[in-house]
Amino acid sequence: MRLIWFRNDLRCHSHTPLQRALAAGEPVIALYVLCPGQWDRHGVAPLRRWYVLESLLELGHTLASRGVDLHVIDGGDFEGTVGVVTDFVRQHNITDVFCNREYPLNELNRDRAVARELEAEGVRIHGFDDGVLVPPRSLNTGKGTPYTVFTAYKRRWDQWMEEYGPQVPEAPRWPRRRGRFVGHDTVDGALSALSLGQAPRALWLPGEDAAVRRLKVFVEEHIGDYKRLRDVPAETATSELSVALSAGTLAPAEAWRAARMAMRDPAAREGAVTWIGELAWRDFYRQILHRFPALAKGAPFRPETRLLRWNDNEAHFAAWCNGRTGYPLVDAAMRQLVSTGWMHNRLRMLTAMFLTKHLFIDWRRGERFFMQHLIDGDFAANNGGWQWSASTGTDAAPYFRVFSPVRQSRRFDPEGRFIARYVTELAELDNNAIHEPWKQPLLTGDYPPPLVPHEGVKQRVEAAFRAARDAW
Ligand code: FAD
């Protein structure tokens with residue numbers, strides 16, 4: 001008997017472990033281990049848990065209709081998972097386990113522990129890399145070290161993709177039988193334990209079918225304008241596929257292939273090339289996390305930044321979380337995050353920089369708050385984005401670069417359409433006033449004045465980074 005162990009790859013398309021496990025025509029069974037304890041430890045957002053659980057339900061029904069039994073078992077956390085998987089393998093006389101590799105430290109430790117137990121008993125483990133386009137150990141600099149600067153990484157990434165590209169696995173040889181979905185009630189139980197309002201749920205469609213449809217619509221209707229509009233949060237210009245890519249309801253290879261097809265249309269070419277660049281960022285942060293495992297323990301990439309003396313102002317942190325900093329675009333972004341579970345990339349950079357530069361609050365607090373709310377919360381991308389914004393990471397924004405919240409607002413939301421959607425108390429202000437409401441003598445309502453002035457921030461941040469560097 002062969003086993004497919006599903007993790008962050010909740011789909012049947014472009015799934016090499018599934019295809020390989022079924023290829024020999026031997027009996028195949030599938031397993032997913034729930035880890036609510038792990039989710040709790042990492043503060044995973046209820047909305048993300050909901051997305052994963054609903055996608056798992058869809059997967060279980062799809063597999064059953066195609067003749068593969070899916071078993072879902074609650075393992076508690078990763079430690080519990082090791083016991084669940086090894087017991088399951090023994091009970092079902094499994095000879096071969098097929099799965100996609102995962103690269104963060106806890107996941108690696110879990111998989112190593114499972115492999116140690118099973119390989120000692122003669123079970124073969126077959127690992128694949130469908131979660132990325134370029135596996136994290138494939139690219140090295142001329143000195144044999146990992147790339148830590150994106151532009152150089154991207155050049156090699158492009159070459160690698162030209163040469164090897166992602167292989168399309170053949171269609172799975174589905175068995176001719178009806179399968180069972182065992183543990184459906186475990187998923188239902190986990191779903192009903194979530195405390196989650198209806199509103200954000202209505203905005204998202206879980207599952208592989210919806211992800212593949214969304215990719216199709218994005219590539220047919222929006223990819224051509226991606227380069228021009230991707231920084232404008234009032235537009236629906238980006239794919240919003242991050243949740244599908246991070247939970248694996250969409251294969252990155254499928255996304256890449258669709259964008260490559262779009263490149264054949266001269267009108268869409270530039271947008272598609274830019275979008276593929278974002279898929280490379282995704283791989284970049286995965287290889288960084290894999291090759292610098294201390295990042296998984298909260299360490300900054302630049303060691304000297306450990307000495308930064310962050311500000312613990314709780315009132316400032318609360319104002320940022322609640323979208324009440326007095327800077328309209330920052331506040332609109334934070335309200336978008338909390339009410340929808342997603343935030344536009346330009347605004348993730350802006351709000352992260354605001355927290356870490358204007359308020360000088362530790363980036364780890366912001367990173368955790370994002371995880372607690374993002375439907376696409378993904379450790380590698382979130383950590384990479386936070387450390388970039390805080391100037392503590394690889395390829396980080398230089399510490400002297402500080403976004404001006406007003407200039408960003410005027411540039412990327414010139415008519416204030418995005419602000420008006422989320423900061424409704426400012427919706428009546430005109431295109432000019434909405435960016436700096438504190439300059440309006442007659443402003444009514446309770447919108448706060450700016451928490452801190454923009455002037456002087458750059459100098460303070462420079463001094464703090466210089467002091468940390470000198471003390472190192
Ligand atoms: P698109 O613009 O359509 O891009 C396509 C895909 O490329 C995305 O779905 C995503 O998988 C990938 N991608 C795009 N930009 C990046 C990037 N900068 N880094 C890594 N991958 C990227 N992304 C997450 O998936 N999960 C997170 O938890 C996350 N946290 C972030 C925190 C901060 C502070 C910052 C600055 C960025 C973060 N990002 C995160 C990256 C990026 O903001 C989101 O991937 C993007 O906004 C998702 O929207 P989209 O799917 O429409 O992206």
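Thresholds applied
Residues numbered from 1 in each chain as written. Predicted model: local features only at pLDDT ≥ 70, side-chain atom pairs only at ≥ 80, totals over all residues. Helix = DSSP H or I, 4+ residues; strand = E, 2+ residues; numbered from the N terminus. Rg over C-alpha atoms; globule rule 2.2 N^0.38 Å. Buried ≥ 20, exposed ≤ 12 C-beta atoms within 10 Å, placed from the backbone. Contact = placed C-beta atoms within 7 Å. UniProt positions renumbered as here; feature names shortened; annotations may be inferred. Near = placed C-beta within 6 Å. Nonpolar A, V, L, I, M, F, W, Y, C, P; charged D, E, K, R; others polar. Pairing = 2+ DSSP bridges. Right-handed = clockwise from strand over helix to strand, strands pointing away. Axes fitted to C-alpha atoms, helices over the stretch in contact; angles between N-to-C directions. pLDDT = per-residue confidence, 0-100. Expected span 1.5 Å × (residues − 1). Arc of directions from axis to C-beta. Parallel < 35°, antiparallel > 145°, perpendicular 65-115°, else oblique. Left-handed = near helix turned anticlockwise from the far one by under 90°.

Engineer: Quick question: what am I supposed to make of the overall build of the chain here?
Structural biologist: Along the chain, the regular secondary structure elements total 21 helices and 6 strands. In terms of overall dimensions, the chain is globule-like: its C-alpha atoms have a radius of gyration of 23 Å, near the 23 Å expected for 472 residues. Taken over the C-alpha atoms alone, the chain extends approximately 75 × 50 × 50 Å along its principal axes. By the burial criterion, 45% of the 472 residues in the chain qualify as buried. Taking the contacts inside the chain whose residues are at least 6 apart along the sequence as the reference set, 78% of them involve residues at least 24 apart.

Engineer: Looking at this structure, I do not really get the UniProt feature "site: Electron transfer via tryptophanyl radical" (unreviewed entry) in the chain. What am I missing?
Structural biologist: In this structure's numbering, the residues bearing the UniProt feature "site: Electron transfer via tryptophanyl radical" (unreviewed entry) are Trp310, Trp363 and Trp386. Tracing the backbone shows Trp310 in the loop between helix H13 (266-291) and helix H14 (314-321). Of the residues examined, Trp310 has 15 C-beta atoms within 10 Å and is grouped as partly exposed. Once residues lying within four places of it in the same chain are set aside, the contact partners of Trp310 are Phe360, Ile361 and Asp362. Trp386 has contacts with Ala352, Trp363, Gly366 and Glu367, leaving out every residue within four places of it along the chain.

Engineer: Please clarify how the UniProt feature "domain: Photolyase/cryptochrome alpha/beta" (unreviewed entry) in the chain should be interpreted in this entry.
Structural biologist: Per the UniProt annotation, the sites labelled "domain: Photolyase/cryptochrome alpha/beta" (unreviewed entry) are residues 1-133. In residues 1-133, helix accounts for 47% and strand for 21%; the two terminal C-alpha atoms are 30 Å from one another.

Engineer: Help me out: how do you make sense of the site of the ligand in this one?
Structural biologist: Around the ligand, the surrounding shell holds 28 residues, and the nearest of these are Thr238, Ser239, Ser242, Asn382 and Gly385. For the shell around the ligand, the elements supplying multiple residues, two or more each, are helix H11 (242-247), H13, helix H16 (345-358) and helix H18 (379-390). Counting residues per element, the shell around the ligand draws most heavily on H18, at 6 residues. Tallied by class, the residues present in the shell around the ligand amount to 11 nonpolar, 10 polar and 7 charged.

Engineer: Looking at this structure, I do not really get the pairing of strand S5 (residues 124-128). What am I missing?
Structural biologist: Moving residue by residue along a regular strand, the side chains alternate between the two faces of the sheet. With 5 bridges joining them, strand S4 (residues 96-100) and S5 adopt parallel strand pairing. When the bridges of S5 are listed, Phe98 appears paired with His126. Between S4 and its parallel partner S5, the chain crosses via helix H5 (residues 105-119), and the hand of that crossover is right-handed.

Engineer: Honestly, the sheet that holds strand S6 (residues 181-182) in this entry has me stumped. Any pointers?
Structural biologist: Note on sheets: strands pair through backbone hydrogen bonds, and any given pair is parallel or antiparallel. Read across the sheet, 6 strands follow the order S5-S4-S1-S2-S3-S6 without closing on themselves; strand pairing throughout is parallel. In the strand order of this sheet, the two ends are held by S5 and S6, each with one partner. Taken together, the 2 bridges between strand S3 (residues 69-74) and S6 define a ladder with parallel strand orientation. Counted as the bridge partner of Leu70 is Phe181 from S6. Seen against the sheet, helix H3 (residues 46-65) touches strand S1 (2-6), strand S2 (28-34), S3 and S6 and runs at an angle of roughly 150 degrees to S3.

Engineer: Would you take a moment to explain unusual backbone geometry for this structure?
Structural biologist: Backbone phi values are negative for most residues with the exception of glycine, while trans is the configuration of most peptide bonds. We note that Ser14 has phi near 40 degrees; this positive angle belongs to a residue other than glycine. A positive phi angle, near 50 degrees, is found at Phe360, a position not held by glycine. Here Phe360 lies in the loop between H16 and helix H17 (363-373). Under the C-beta neighbour-count criterion, Phe360 is labelled buried, with 20 such atoms within 10 Å.

Engineer: Sorry, what's going on with the environment of Arg177 here?
Structural biologist: Turning to its location among the elements, Arg177 is positioned in the loop between helix H6 (150-163) and S6. Once the C-alpha coordinates of Arg177 and Arg401 are considered, the two residues, 224 residues apart in sequence, prove to be 60 Å apart.

Engineer: Which parts of the structure should I look at to understand the pairing of S3?
Structural biologist: Two elements, S2 and S3, share 6 bridges in a ladder whose sense is parallel. Bridged to Ala30 within S3 is Leu70.

Engineer: Mind showing me how you'd approach the confidence of the model for the chain here?
Structural biologist: Detailed reading of the predicted model is not advised wherever pLDDT is low. Scored by pLDDT, the chain has a mean of 96; 99% of the residues are at 70 or more. Taken over the whole predicted complex, pTM reads 0.97, whereas the ipTM for its chain interfaces reads 0.99.

Engineer: Would you mind showing me how to read helix H4 (residues 78-91) here?
Structural biologist: Spacing of three or four residues puts side chains on the same side of an α-helix, whose turn is 3.6 residues. When the terminal C-alpha atoms of H4 are compared, their 20 Å separation across 14 residues agrees well with the 20 Å that a helix rising 1.5 Å per residue should span. Of the positions making up H4, those classed as buried are Thr81, Val82, Val85 and Val89. Angularly, the buried residues of H4 cover 105 degrees about the axis, an arc narrow enough to put them on a single face. Exposed side of H4, more than 90 degrees from the buried face: Asp87 and Gln91 are the residues found there. Positive phi appears at Asn93, one or two residues downstream of H4, with a value of about 50 degrees.

Engineer: Please clarify how helix H19 (residues 405-412) should be interpreted in this entry.
Structural biologist: Those residues of H19 that sit buried are Pro405, Gln408 and Ser409. Within H19, the buried residues cover an arc of 100 degrees as seen down the axis, which keeps them to one side. Those residues of H19 hidden inside the fold are in contact with helix H15 (328-340) and H16.

Engineer: Is there a simple way to think about the packing of helix H12 (residues 252-262) against H13 in this case?
Structural biologist: Each packed pair of helices is defined by two parameters, the angle between the axes and the distance between the axes. The N-to-C vectors of H12 and H13 enclose an angle of 160 degrees; their axes lie 8 Å apart at closest approach. On the basis of the axis angle, H12 is roughly antiparallel to H13. Relative to H13, H12 is oriented so that their crossing is left-handed. Contact residues: H12 offers Pro252, Ala255, Trp256, Ala259 and Ala262, while H13 offers Ala268, Ala272, Trp275, Ile276 and Leu279. In terms of residue class, the contact of H12 with H13 is made up of 10 nonpolar, no polar and no charged.

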